[in-house]
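If you want the building blocks of each chain, they are given just below.
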Amino acid sequence: VQLQASGGGLVQAGGSLRLSCAASGRTFSSNAMAWFRQAPGKERELAAAISWSGSTTYYADSVKGRFTISRDNAKNTLYLQMNSLKPEDTAVYYCAASSRRATSQLTSQLTYDFWGQGTQVTVSS
């Protein structure tokens, strides 16, 4: 099983990026998925999560209103649209997938069994 994250890069404050996470080796169409991020010197934190159907989403307060998580189950792919980026959004972003639906446990790191390699997002001021 592999989760391949892409789309990171260097962007100026106020700009946008779209992250993608392509899954291979098994389907996650019935499973919760999420984006986590880890800034230098800080613990990994949940940025956004989505239920298997896409009907339930969660956003950290710091990204609410600026980030949108979505998924295309036909393509086995997870997305994170990031708008109005701020320097404090600078981090390595990781996609994660659960082996379960876990709709009521979207916010727990323990829910997620599979992790991508991460993609760097750097926002300059």
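Our structure's up above, just so we're on the same page.
Every chain is numbered on its own, with residues counted from 1 as its sequence reads. With pLDDT at 70 or above as the cut-off, local features in this predicted model cover only qualifying residues; side-chain atom pairs require 80 or more to be listed or tallied, and sums for whole chains, interfaces and linings still use all residues. The basis for every side-chain value is the complete set of non-hydrogen atoms in the structure, without hydrogens or water.

Visitor: How should I be thinking about unusual backbone geometry in this particular structure?
Guide: Glycine aside, the phi torsion of most residues is negative, and most peptide linkages are trans. With phi around 50°, serine 84 is a residue other than glycine that occupies positive phi space. Only DSSP runs of H or I with at least four residues qualify as helices, and only runs of E with at least two residues qualify as strands; both kinds are numbered from the N terminus onward. Residue placement: serine 84 occurs in the loop between strand 8 (77-82) and strand 9 (91-97). Buried means the residue's accessible area, taken with a 1.4 Å probe over protein chains only, is under 20% of the maximum for its type, while exposed means over 50%, and partly exposed covers the values in between. A residue is classified by how much of its surface remains accessible, and serine 84, at 43% relative accessible area, is partly exposed. Phi at alanine 102 takes a positive value of approximately 50°, unusual for a residue other than glycine. With respect to the helices, strands and loops of the structure, alanine 102 is situated in the loop between strand 9 and strand 10 (114-115). Residue alanine 102 is classed as buried on the basis of its relative accessible area, which comes to 11%.

Visitor: Could you clarify how one ought to interpret the state of the cysteines in this entry?
Guide: What counts as a disulfide here is a pair of cysteine sulfur atoms lying within 2.5 Å. Throughout the structure, instances matching the rule amount to one disulfide. Disulfide pairing places cysteine 21 opposite cysteine 95 at an S-S distance of 2.1 Å. Judged by the torsion about the S-S bond (60°), the cysteine 21/cysteine 95 disulfide is right-handed. Remark: cysteine 95 occurs in strand 9 and cysteine 21 occurs in strand 3 (residues 17-24); sequence separation between them is 74 residues. Classification of cysteine 95 as buried rests on a relative accessible area of 0%.

Visitor: How should the environment of glutamine 81 be read in this particular structure?
Guide: Structurally, glutamine 81 can be placed in strand 8. Along the chain, glutamine 81 and alanine 48 lie 33 residues apart, while their C-alpha atoms are 11 Å from each other. At 2.9 Å, the side chain of glutamine 81 and the side chain of asparagine 83 are in polar contact. Polar contact criterion, stated in full: a pair of N or O atoms within 3.5 Å, where within protein one must be able to donate a hydrogen and the other to accept it, and residues adjacent in sequence count only if both atoms are side-chain atoms.

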